[in-house]
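Residue-level listing of the chains:
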Amino acid sequence: MLDNKCMTLLRYINSNCPNGGYGVLEVKEILTAMPKKCGIDENGLRECLSTLSRGDCINLKYQDQEEVCLSTSVKGRSLCEADIERVSKTRSDNKRLFTYALIGGITGGAITALVSAVISMVMP
């Protein structure tokens with residue numbers, strides 16, 4: 001399983017190298033595209049590229065100080081698709097949970113108001 005930094009990088013590579021084709025990406029461009037919360041610097045980028053390459057998620061043709069030529073492998077693309085499905089399912093589950101909680105809150109409030117009204121009628 002990939003950590004958050006490597007998965008974010010893999011998603012970026014997958015979006016910039018469509019259909020498994022090779023793409024030449026600038027290191028500075030990759031670093032500016034990464035979210036600040038990942039905290040990827042140039043050394044971290046090279047480490048993630050190495051991890052992805054060893055895990056057969058990307059095909060690394062060459063890399064130098066300024067550019068990287070690579071493509072995503074079948075495994076890398078399938079990991080990206082699985083991650084997208086997981087995020088989509090989580091969002092869907094969160095919406096469903098919110099809806100049920102809202103309905104439960106409204107129902108509970110209505111029952112409480114009804115019981116309160118009955119008690120106030122019975123006990124003047």
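What comes next is a walk through the structure.

About the cut-offs
- Residues numbered from 1 in each chain as written.
- Predicted model: local features only at pLDDT ≥ 70, side-chain atom pairs only at ≥ 80, totals over all residues.
- Heavy atoms only, no water.
- Pairing = 2+ DSSP bridges.
- Helix = DSSP H or I, 4+ residues; strand = E, 2+ residues; numbered from the N terminus.
- Axes fitted to C-alpha atoms, helices over the stretch in contact; angles between N-to-C directions.
- Buried < 20%, exposed > 50% of the residue type's maximum accessible area, 1.4 Å probe, protein only.
- Contact = heavy atoms within 4.5 Å.
- Disulfide = S-S within 2.5 Å.
- Core = buried A, V, L, I, M, F, W, Y, C linked by side-chain atoms within 4.5 Å.

As a general point, the strands of a sheet are linked pairwise by backbone hydrogen bonds and lie either parallel or antiparallel. Pairing within the open sheet is antiparallel, and its three strands lie in the order β1-β3-β2. For this open sheet the edge positions go to β1 (23-26) and β2 (58-63), each flanked by a neighbour on one side alone. If you compare each strand with its neighbour and ignore which way they point, the axes differ by 30° on average. One ladder, built from five bridges, connects β2 with strand β3 (residues 67-72); its direction is antiparallel. Bridge pairing links leucine 60 to leucine 70 in β3.

Attention now goes to the environment of tyrosine 62. With respect to the helices, strands and loops of the structure, tyrosine 62 is situated in strand β2. Take tyrosine 62: its relative accessible area is 35%, and that puts it in the partly exposed class. Among all residues touching tyrosine 62, those that are not within four sequence positions of it are Val24, Glu67, Val68 and Cys69.

Under the criterion given, the structure shown has zero disulfides. Considering cysteine sulfurs only, cysteine 69 is the nearest to cysteine 17, which forms no disulfide, with 7.9 Å between them. Cysteine 48 takes part in no disulfide bond, and the closest cysteine sulfur, belonging to cysteine 6, lies 3.1 Å away.

Here we take up the nonpolar core. Counting residues in each nonpolar core, the largest one holds 22 residues, and the members touching the most others are Leu9, Ile13, Leu49, Leu52 and Leu70. Secondary-structure elements contributing two or more residues to this core are α1 (4-16), α2 (27-33), α3 (42-54) and β3. The contact partners of leucine 52, leaving out residues within four places of it in the chain, are Leu2, Cys6, Leu9, Leu10, Ile13, Cys57 and Ile58.

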